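Residue-level structural notes
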Amino acid sequence: MFSEIFTPQQVAQLELLTINTKRSLIGQRYGNHTSLKRGHGIEFAEYRRYQPGDDPRHIDWGVYARSDKMYVKTFQEEQNISVFLILDTTSSMFAEADQAKWRYAQELLLALAYIALAGQETVTVCIPGVVTSFSFNGARSVYHLSKLLQEVKPVQPPVVTKAMQVATGALKVPGIAILISDFLYSLDEVMHHFGILLAKNLQITAIQMLGPHDVDPLQGGAEAILVDSETGEEVTLNGDREFQKRYQLKLQQHQEALRNLATHRSVTFAFTGVDQPVITFLTQRLSSLGVIS
Amino acid sequence: MVSWLSSLSFGSPWGLLALPFGLGALLFVYRQQNNAKRLVVPSLFLLREFAAPAYARRRLFFPLRFFFELLLLFLLVAGIAAFSFQGVGKTRLFVLDNSFSMGAFTRSGITRLEQAKQDALLELSANHGGITRVFKTNPALVELTREGSSSAEVEDAIRSMEISFSGDLLEQAVRRLASSLPADEITLFSDRSYAQVSSAQDSFVKLQGVATQSVDGNVGFLDARVSHQDRSLTVTVVNTNKTELNLLLQIFTILVEGNAFPEVLLRQMVVSVAPDATKQVELGVLPAEMNYFRVALSVKDDVGANLHPDDDTVWLALEDKQLPIVVVTQKSLSELGLDTLRSYLFERVTPEQFAQNSFTRAAGYIFHRVVPPKLPPGSSLLIMPPSSDILEVRDMPGPAVVSSWTENHPLTRYVRFQDLTLQFLSVFEVPYWAQPLITTTKGTAGIVGTVGDVKAVALGFEVFPFQGKQAPLMSIFTLNLLSWLFAEEQSVSHLLVEHVRERVGVNGEISYLSTDEQTMGLDNNIEEFRPGLIRVNEQNSTKHYAINFFSGEESRVSEQSPLFLDKLDIVKTEKQQAKTSGLLSQELALLLLTLVTVDLIILSILSVLQRLRRSTS
């Protein structure tokens, strides 16, 4: 599936990208990111007084010559990071007539996972309904991930929240969390989700993706009975111009509130529409936000 | 409730089949078109606040239009199924046969008409409500009720019905009613029976037969003639009994003295008539000084039966010695040679005189080289008439000889026309009412036919002057013509009921000499003419006419004559009935039309609104 979605050129493009962190994190194994752990890295960290037990090889003899005091040089160790990918699998992600939103979400997840895996990061995915928490290492494991995605079935919102709680609890080290959802639910719920992730001291990136029906529920029609994909609730809408105007305003207000909430909780918030190519979104939007470099 | 439900009826119940189909179609259309499209959306999280007003509006609007169209559908189906309220909206036509035969007595001692009236009243009381209209068939179809007549008025109309001295007109009456009046049921009260039982089934024409089964028969007069030459009276009597009967025939003379009309027996005789046979009886010469007579018939010795008493009397008036044959011509009678024919009474009038006075009191008419605007009410002979609306005469064709003639006709049976020399020959287009009599090499030169009840002969060659032995062939032919056309008329000394209006001036004051046998008085109550003597006061003159009714068919009352109502006619009338009848039919049609219009208006307004909304959004 992965090879069906991405062309070799796009895969090569993805391999050039890496997941960025805003702060140093402790990884689980050697990697490309400067770790909080002092060790044998390349990057000098600090001098400290020699203490018995230190490896004499790390004593900076030059300093000792000038100051007659013994200091040892410490280096920041380079480790990989933990990338926690959470995919919203509630019915709303599948509601589009041609499932454009779901396909886009899959592509985005696979792309992010591949970037991380190619950068030797440890990728943990939470795909409610299929796997609550599953870790991958190595670029080739993206194929396994893509197989898992094929088994996804829509779940109810509480299942997602529960899965997030379980999966976050299972994380051994803090890392980066990327939450992919349409965020068409209440801000309280959003805040709750952010809270779960922040409790584990994760650097959160929230990606909101909206499909055509999210932007224009009536799809140009005059009147329709709309059925909520998650609850089955029905409402009849009269799609006049006033409605269109008020709905767009409402959508903007919701997104603004999401953005404010994210800022307030130090969450990186990114928006994309399903009509924007994934590669473009990654290289332009996420890159500009410093999530990817 | 149950009785209310049972009063519902459907003229065409199969029409109810349209209901499920219509309902299905209506629901389908609503599901397809009027129901809003259903769209599954990711979430209603942001949409709920917009939904409430629109949804409420739809909830209100949908049922209104739906139920409106549902009502429309029900009305339409009701219309197709010819829905009606029995007893409330049912329109019944009671047709009482009051022809002459209905005057015959039944075993219960009342006449058939009385029996029919009782049946009709019983039928009326058995079915309350609805509209009942009462008709009598004779002498013409007449409604005895009026629109909105109450039950009491309908009963009165039935009770007031009387026997008419005329033949049976039931078939015509039924066909006319069935095709012209909206009705749910036509009930006939008659002494006739369906010719084919199957034709009566499933028909909305019901025959309520009056019991006629009887071993008894009837005796009566079928004809009466008085020769104007010798005043000899000949009558024809009929005996429909199964036994030979001795009939007593009595001749009374009526003395007209002011307003009192005493009756005196002149003579009587007994004749024997074979079972189920007619007999011509010569009753001798009537006294010359007396003009008004009544001949009565009765069964002697109380053997056999006489079911119908109204055909046992003949009335005669010999006031006019002999009715003239009116000759309309520019020539004189002597120029035509008619003065030599002493046995006929001719009255010569000019065409101008005839135009001013139609001379209705005549035994017949001869039009010599003239043609009337329309044929008169008596038999007519037209000699070389000019072209007219009645006869189209072709251009003179030149010399022609007779090529053929109708050999079996009484006029031409004994004449060899090939030996005749035809002068001033002209030929006709044969009109619809006639048939060719004499054909020449240039066309038809003689036609014969009947128009209504009168005979007419038109000849395209000259038969006058009558030359007797000098031109024997032509004279025989001329005598044949006069005899065939006029002799019968000249021997009758009375009018038939059906011809009274044609022969009696309408301006005169008419009164009946009441039929009290001893002292007759005057009776002005004339609704319909019936047998008897009438006095007509016209300007300064007073004339008396005798009126009789003869009908072999109607006098044979022991035989039940069949009623011929073609199945096709009944089916046809049923269709007409289904289309036009029913309480709701017209109102329903109007209501439907109105509702459809309203619905269309709503529909167009909605579609315009929808288009506007789409264009703006």
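Our subject in this report is the structure included herewith.

When its secondary structure is counted, chain B shows 13 helices and 33 strands. Per-residue burial for chain B yields a buried fraction of 47% across its 617 residues. Accessible area of chain B: about 30700 Å², with a carbon and sulfur share of 55%.

Packed helices, taken two at a time, are described by their axes: the angle between them and the distance between them. Residue and element names in this part refer to chain A. Where helix α4 (residues 100–118) contacts helix α5 (residues 141–150), the two axes come as close as 10 Å, and the packing angle between them is 160 degrees. Comparing their axes, α5 and α4 come out roughly antiparallel. In this structure, α4 crosses over α5, and the sense of that crossing is right-handed. Of the residues in α5, those in contact with Trp102, Gln106, Leu109, Leu110, Ala113, Tyr114 and Leu117 of α4 are Ser141, Val142, Leu145, Ser146 and Leu149. Across the contact of α4 with α5, the residue classes tally to nine nonpolar, three polar and no charged.

It is worth spelling out the sheet that holds strand β10 (residues 219–226) of chain B at this point. All names here are of chain B. One open sheet holds the three strands; their spatial order is β10-β11-β14, and the pairing between them is antiparallel. Strands at the two margins of the open sheet, each flanked by one partner only, are β10 and β14 (277–285). Across the sheet, the axes of successive neighbouring strands diverge by a mean angle of 20 degrees, strand direction being ignored. Taken together, the eight bridges between strand β11 (residues 232–239) and β14 define a ladder with antiparallel strand orientation. Opposite threonine 234, over in β14, you have glutamate 282 as the bridge partner.

Residue and element names in this part refer to chain A. With mixed pairing, the six strands of this open sheet are ordered in space as β6-β5-β4-β7-β8-β11. Two strands bound the open sheet, and with one partner strand each, they are β6 (131–136) and β11 (268–273). Neighbouring strand axes in the sheet, compared pairwise and without regard to direction, differ in orientation by 15 degrees on average. Direction of pairing for strand β4 (residues 82–87) relative to strand β5 (residues 122–127): parallel, over a ladder of five bridges.

All names here are of chain B. Taken together, the side chains of Trp14, Leu17, Phe21, Leu76 and Ile80 present a nonpolar region at the surface, about 600 Å² in accessible area. Counting through the fold element by element, leucine 17 comes out in the loop between β1 (8–10) and α2 (18–34). Relative accessible area serves as the criterion here: at 57%, leucine 17 is assigned to the exposed category.

Rules of the game
- Numbering of residues begins from 1 in every chain and follows the order in which that chain's sequence is written.
- Working convention: letters from A go to chains and numbers from 1 go to ligands, in the order in which they are written.
- Selection of residues for local features in this predicted model requires a pLDDT of at least 70, selection of side-chain atom pairs for listing and counting requires 80 or more, and totals for whole chains, interfaces and linings are taken over all residues.
- Where side-chain values are given, they derive from all heavy atoms of the structure, hydrogens and water being excluded.
- Helical segments are the DSSP runs of H or I of at least four residues, strand segments are the runs of E of at least two, and each set is numbered from the N terminus.
- For the exposure calls, accessible area comes from a 1.4 Å probe over protein chains only, and a residue counts as buried if that area is under 20% of its type's maximum, exposed if over 50%, partly exposed in between.
- Throughout, the Shrake-Rupley method with a 1.4 Å probe supplies accessible areas, and for residues the shown protein chains are the sole cover considered.
- Comment: axis = line fitted to C-alpha atoms, over the contacting stretch for helices; angle = value between 0 and 180 degrees taken between N-to-C directions.
- Roughly parallel here means an angle under 35 degrees, roughly antiparallel means over 145, roughly perpendicular means 65 to 115, and every remaining angle is called oblique.
- Two helices crossing with the near one rotated counterclockwise from the far one by less than a right angle form a left-handed crossing, whereas a clockwise rotation gives a right-handed crossing.
- Note on contacts: a residue pair qualifies if any of its non-hydrogen atoms lie within 4.5 Å across the two residues.
- Residues are grouped as follows: nonpolar covers Ala, Val, Leu, Ile, Met, Phe, Trp, Tyr, Cys and Pro; charged covers Asp, Glu, Lys and Arg; every other residue, Gly included, is treated as polar.
- Paired strands are those between which DSSP finds at least two bridges.
- Patch membership requires more than 30% relative accessible area and the absence of a salt bridge. Residues of like charge join within 9 Å; the nonpolar side chains Val, Leu, Ile, Met, Phe, Trp and Tyr join within 5 Å.
- Just to be clear on terms, a salt bridge is a Lys or Arg side-chain nitrogen sitting within 4 Å of an Asp or Glu carboxyl oxygen.

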